[in-house]
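Coordinate analysis (summary)
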Amino acid sequence: MEIALTVRDLEPEDLTDLDWSGGPEHLNAIAEVLQRCWSGEVASIVITLPNGRLVAHGAVDFSKSAGYGELWMLSVHETFQSLGVGSMLIRALEDRVRSRGVGRARLGVEHDNPRARRLYRRLGYRDCGTELDGWPVAGGDTYVTVCTVMEHRLGAGV
Ligand SMILES: CC(C)(COP(=O)(O)OP(=O)(O)OC[C@H]1O[C@@H](n2cnc3c(N)ncnc32)[C@H](O)[C@@H]1OP(=O)(O)O)[C@@H](O)C(=O)NCCC(=O)NCCS
């Protein structure tokens, strides 16, 4: 069965349909992303079903370097994983990077997420270092983790 999916920019009203992607701290982070989208330093997209429900969300940060866009917050609704939606999300974010005239996409993947890493390798990403990353979690704590940094040199429109 084929379902027609739509890629579009994240909108404020989407926040009420992204609770599957994480807890309140994550939703707060997405709200901050929306504000950064308005200033242009970030682009954020969602993928929707024909009925408008959201099945994927991701963002690209252009503020870290003029040389690359950093993909982050990549998330596909659990029910729709392993069907190619994550690949579609990454390709769409890479299109946003290209459309800014930027030639490289980067992302960080946690050391204990081999499935995501395999997907990124399949899409052309290669290891280029490690970094510490962290984000707020319940109770006011910050979760800190080690990530492998992966990079993809983007072609003209592949
Ligand atoms: C990581 C994530 C974004 C990937 O999204 P996804 O929609 O599952 O990704 P895809 O479906 O494009 O690819 C994943 C797998 O499905 C397979 N697949 C893709 N299309 C397929 C299809 N039509 N039929 C069968 N399998 C398919 C891929 O080959 C891949 O297989 P692998 O796991 O053996 O490498 C998603 O699983 C997710 O949100 N995970 C939880 C949060 C997370 O880990 N985020 C990433 C942080 S770095």
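Residues numbered from 1 in each chain as written. Predicted model: local features only at pLDDT ≥ 70, side-chain atom pairs only at ≥ 80, totals over all residues. Heavy atoms only, no water.

**So, the overall build of the protein**
Counting its regular elements, the protein contains three helices and seven strands. The N-to-C order of helical and strand elements in the protein reads β-α-β-β-β-α-β-α-β-β. A compact globule built from 158 residues should have a C-alpha radius of gyration of about 15 Å, and the protein, at 15 Å, falls within 12% of that. Taken along the three principal axes of its C-alpha coordinates, the protein extends 40 × 40 × 35 Å. Every one of the 158 residues in the protein was classed for burial, and the buried ones make up 38%. Taking contacts inside the protein between residues at least 6 apart in sequence as the whole, the part at least 24 apart equals 58%. (Helix = DSSP H or I, 4+ residues; strand = E, 2+ residues; numbered from the N terminus. Rg over C-alpha atoms; globule rule 2.2 N^0.38 Å. Buried < 20%, exposed > 50% of the residue type's maximum accessible area, 1.4 Å probe, protein only. Contact = heavy atoms within 4.5 Å.)

**Some points on unusual backbone geometry**
In this structure, M73 is a non-glycine residue whose phi angle is positive, near 60 degrees. Mapping M73 onto the fold places it in strand β4 (residues 69-76). Given the relative accessible area of 14%, M73 is considered buried. Of note in the backbone geometry, S82 takes a positive phi value of approximately 65 degrees without being a glycine. Relative to the assigned elements, S82 resides in the loop between β4 and α2 (85-99).

**Observations regarding the pattern of salt bridges**
Per the stated rule, a full pass over the model turns up 11 salt bridges. Linking D17 and R53 is a salt bridge whose minimum nitrogen-to-oxygen distance equals 3.0 Å. Of the two residues, D17 is situated in the loop between β1 (6-9) and α1 (24-39) and R53 in the loop between β2 (42-48) and β3 (54-61); the sequence distance between them amounts to 36 residues. For R53, a relative accessible area of 47% puts it in the partly exposed group. One salt bridge in this structure joins K64 and E70, with 3.5 Å as the shortest N-O distance. For E70, a relative accessible area of 10% puts it in the buried group. One network of salt bridges, in which partners are shared, links R36, E41 and D61. (Salt bridge = Lys/Arg side-chain N within 4 Å of Asp/Glu carboxyl O.)

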